[in-house]
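Descriptive analysis of the structure
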Amino acid sequence: MKWIVGLGNPGPNYEKTRHNVGFMALDALAERHGLKFNQNKCKSVIAEGMIGGTKTVLIKPMTFMNLSGEAVRAYMDYYKVSLEDMIVVYDDLDTVVGKIRLRYQGSAGGHNGIKSIIQHTGTQSFNRVRMGISRPEPGYAIVDYVLGTFPKKEREQLQHMVEETCDALEFSLDHTFEQTMAKFNKS
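Everything numeric here is computed off the predicted structure, so don't read it as measured data. (Residues numbered from 1 in each chain as written. Predicted model: local features only at pLDDT ≥ 70, side-chain atom pairs only at ≥ 80, totals over all residues. Heavy atoms only, no water.)

For helix α5 (residues 155-172), built from 18 residues, the straight-helix expectation of 26 Å at 1.5 Å per residue is met to within 8% by its first-to-last C-alpha distance of 26 Å. Residues of α5 that are buried include every one of L158, M161, V162, E164, T165, C166, A168, L169, F171 and S172, and no others. Here the buried face of α5 lies against β1 (2-6), α1 (21-32), β5 (86-92), β6 (100-105), β7 (125-132) and α6 (177-184). (Helix = DSSP H or I, 4+ residues; strand = E, 2+ residues; numbered from the N terminus. Expected span 1.5 Å × (residues − 1). Buried < 20%, exposed > 50% of the residue type's maximum accessible area, 1.4 Å probe, protein only. Contact = heavy atoms within 4.5 Å.)

Next up, the structure:
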C-alpha cells in the first residue's frame, strides 16, 4: 500500500491558492481514478482505492499547513504504515511555476508544512514531490504570495504541472522512487 499526502489549507478561501497545489494534485489524481474523498479521519479527508493495481490512499490534512505533521503522525500511528510508503506533495518557492522536483530527503527549506512533518516523524528522509510556485517579486510578503491565487498567465503552466505531478505519482506506485526521480526530474 502507498499513501500520498497532499499539503494545503482547508476551506474555500484557500482552494485556489499557491499553497494548495498539493491538494489540487490529489484532487486531480482522485478524479483520474474515480476515487472520492469521502472519509474523514486522522485529522484529514481521505480517498482510497486501486491505482494501477496498487492500493493507494490519498490524504489531505485538515489541520492547516503549519500542523500537517499532526495528521501524518495520526495516520501513521493508527494504521501502522511505513514512512517509506509515503509521498508528500507540496508547493515550493524555489522551483519555477510549471516544474516539479522530486526528492527523498532534505530540510524543510522554510516550508512550514514540511517542518511540521519532520517534527512529527523525527526524520527528514521521506519522498516528496515539490510543485513549483516561483518566488514573489522582491518586497512582496511571502505569506501574501503563497496565500494568493495564480494569475491567468500561469494557469496553463499550473494545469500542466498538476498533470505531470499525477503522472509522477502514478509512475512511483510501481517503480522505485529513484526511478521516478530519474524520469521526472528534468532540468
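Ordered in space as β2-β3-β4-β1-β5-β7-β6, the 7 strands form an open sheet in which the pairing is mixed. Looking at the sheet topology across the chains shown, the edges are occupied by β2 (39-41) and β6. Averaged over all pairs of adjacent strands, the angle between strand axes in this sheet comes to 25°, irrespective of strand direction. When β1 meets strand β4 (residues 54-61), the two strands line up parallel, connected through 4 bridges. For K2, the partnering residue across the bridge sits in β4 and is T56. Set on the sheet, helix α3 (residues 112-121) makes contact with β5 and β7; between it and β7 the angle comes to about 175°. Of the strands in this sheet, β5, β6 and β7 touch α6, which is tilted by about 155° from β6. (Pairing = 2+ DSSP bridges. Axes fitted to C-alpha atoms, helices over the stretch in contact; angles between N-to-C directions.)

Time to look at the pairing of β5. Judged by how many residues are buried, β5 sits mostly within the fold: 7 of 7 residues are covered. The pairing of β5 with β7 spans 6 bridges and is classified as parallel. Its bridge partner being in β7, D92 is matched across the sheet by G132.

Summed over the entire model, instances satisfying the criterion amount to 10 salt bridges. Between R32 and E170 there is a salt bridge whose closest N-O contact spans 2.9 Å. Of this pair, R32 sits in helix α1 while E170 sits in helix α5, placing them 138 residues apart in sequence. By relative accessible area, which is 33% here, R32 ends up partly exposed. Note on E170: relative accessible area 23%, which makes it partly exposed. (Salt bridge = Lys/Arg side-chain N within 4 Å of Asp/Glu carboxyl O.)

UniProt tags N9 as "site: Discriminates between blocked and unblocked aminoacyl-tRNA" (unreviewed entry). Inspection of the secondary structure assignment puts N9 in the loop between β1 and α1. Those residues in contact with N9 that lie beyond four places of it in its chain are Y14, H19, N20, F23, F64, M65 and L147. (UniProt positions renumbered as here; feature names shortened; annotations may be inferred.)

Applying the stated rule across the entire model yields 6 aromatic pairs. Taking 4.7 Å as the distance between ring centres and 35° as the angle between the ring planes, the aromatic pair formed by Y75 and Y79 counts as tilted. One end of the pair is Y75 and the other is Y79, both in helix α2 (residues 68-79) and 4 residues apart, which spans about a single turn. With a relative accessible area of 3%, Y75 lands in the buried category. Here the aromatic rings of Y140 and Y145 are separated by 6.0 Å at their centres, their planes lie at 85°, and the arrangement is edge-to-face. By way of ring pairs, the aromatic residues W3, Y75, Y78 and Y79 are connected into one cluster. Between K60 and the ring centre of F23, over which it is positioned, the NZ or CZ distance is 5.3 Å. Just above the ring of F37 sits the side chain of K60; from NZ or CZ to the centre is 4.3 Å. (Phe/Tyr/Trp six-rings, centres within 6.5 Å; stacked < 30°, edge-to-face > 60°. Lys NZ or Arg CZ within 6 Å of the ring centre and 35° of its normal.)

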